[in-house]
Amino acid sequence: VGFEFADASQAIAKLAEEVAELQADPIVDELGDVLFACVAVARSIKADPEIAVRLAAGRFRERVERAEALALENGESFDGLDTEAQLAWYRAAKDALATGELGN
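Reading the values: the criteria
Residues numbered from 1 in each chain as written. Predicted model: local features only at pLDDT ≥ 70, side-chain atom pairs only at ≥ 80, totals over all residues. Heavy atoms only, no water. Helix = DSSP H or I, 4+ residues; strand = E, 2+ residues; numbered from the N terminus. Buried < 20%, exposed > 50% of the residue type's maximum accessible area, 1.4 Å probe, protein only. Contact = heavy atoms within 4.5 Å. Areas by Shrake-Rupley, 256 points an atom, 1.4 Å probe, with all protein chains shown as cover. Lys, Arg positive; Asp, Glu negative; His and termini not counted. Charge placed at Lys NZ, Arg CZ, Asp CG, Glu CD.

Student: Mind laying out the overall build of the protein, listing which residues take part and the relevant values?
Tutor: Counting secondary structure elements, the protein contains four helices and zero strands. Helices and strands appear in the protein in the N-to-C order α-α-α-α. Overall, the protein is about 55 × 30 × 20 Å in size when its C-alpha atoms are taken along their principal axes. Across the 104 residues that make up the protein, the buried fraction comes to 17%. Contacts in the protein between residues far apart in sequence, at least 24 positions, make up 39% of those at least 6 positions apart. Surface summary for the protein: the accessible area is close to 7,600 Å², and the carbon and sulfur share equals 58%. Computed over 10 positive and 21 negative side-chain charges, the separation of the two mean positions in the protein equals 7 Å.

Following this line, the structure appears as structure tokens:
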């Protein structure tokens, strides 16, 4: 209907507002508002939100698989680790993939 933000900065500001509301009251309605605001940001930068999510999911899957492999190479079972340890392996995988250091 023509209701769009003038530019990406306005859409991002609205997204930040919605995220703050979700932090204050983590309910499904607030989550829906965040998702809706994300779509507005995508539209403001002329991106297809579905494609963006699919690409992000692919990167995430690749990083988690690499994190599992790194943990295993170091004698650890990724599934058995606590969240902090898993995040550490995830960050290591992300860095390795970004620099091309893939190892085995």
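More follows now that the structure is in view.
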